[in-house]
Amino acid sequence: MSQGWKITVIVLAGVGIVSTPLIWLLDGPDGGQLAGASIQAAVGIAALVWALFQHPSPATGPRDSVSRTGKATRGGVAGIKRPGGRGRGSATAKRTGEADGKNSVSGIDYSN
């Protein structure tokens, strides 16, 4: 669940817990209204607890990983190339090779 949706559910649950049951109970409720207010408050509390225990959704996109690459020469890349920083996922480079020569990259290259 994304952080925005989690906040939305928490806010709506809080409004559901407080607003309508409070309005019903201020007007001298009968048995049915008291039961309805109790049920609505219970549903709001359940939604609040559920939202609080949701973990944020992982970043979408590729998960690029590279390790122990070779040597980059004459403008080459020993690792991961993401032109212009494209992609929303994670990129990890471990123990990459040497970079020799102009514009050579060892690791992750975000340039165009």
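Up top is the structure.
Since this is a predicted model, take the numbers as computed values, not measurements. (Residues numbered from 1 in each chain as written. Predicted model: local features only at pLDDT ≥ 70, side-chain atom pairs only at ≥ 80, totals over all residues. Heavy atoms only, no water.)

Caption draft 1: Focus on the overall build of the chain. Secondary structure summary: the chain contains 2 helices and 6 strands in total. Start at the N end of the chain and walk to the C end: the helices and strands fall as α-α-β-β-β-β-β-β. Per-residue burial for the chain yields a buried fraction of 19% across its 112 residues. If you take every contact in the chain between residues at least 6 apart in sequence, the share linking residues at least 24 apart comes to 69%. Just so you have it, the chain exposes about 7,800 Å², and 60% of that area is on carbon and sulfur atoms. (Helix = DSSP H or I, 4+ residues; strand = E, 2+ residues; numbered from the N terminus. Buried < 20%, exposed > 50% of the residue type's maximum accessible area, 1.4 Å probe, protein only. Contact = heavy atoms within 4.5 Å. Areas by Shrake-Rupley, 256 points an atom, 1.4 Å probe, with all protein chains shown as cover.)

Caption draft 2: Quick look at the environment of G16. Considering the arrangement of structural elements, one finds G16 in helix α1 (residues 3-26). Each C-alpha atom of the pair G16 and A41 lies 6.6 Å from the other, and the pair is 25 residues apart in sequence.

Caption draft 3: How the structure looks around the environment of L22. With respect to the secondary-structure elements, L22 resides in helix α1. Overall, the relative accessible area of 45% leaves L22 in the partly exposed class. Along the backbone, L22 and A41 are 19 residues apart, and their C-alpha atoms lie at a distance of 9.5 Å.

Caption draft 4: A nonpolar patch on the surface, seen in detail. Taken together, the side chains of I45, V49, L52 and F53 make up a nonpolar region of the molecular surface, amounting to roughly 410 Å² of accessible area. Mapped onto the secondary structure, V49 falls in helix α2 (residues 31-52). (Patch = residues over 30% accessible without salt bridge, like charges linked within 9 Å, V, L, I, M, F, W, Y side chains within 5 Å. Salt bridge = Lys/Arg side-chain N within 4 Å of Asp/Glu carboxyl O.)

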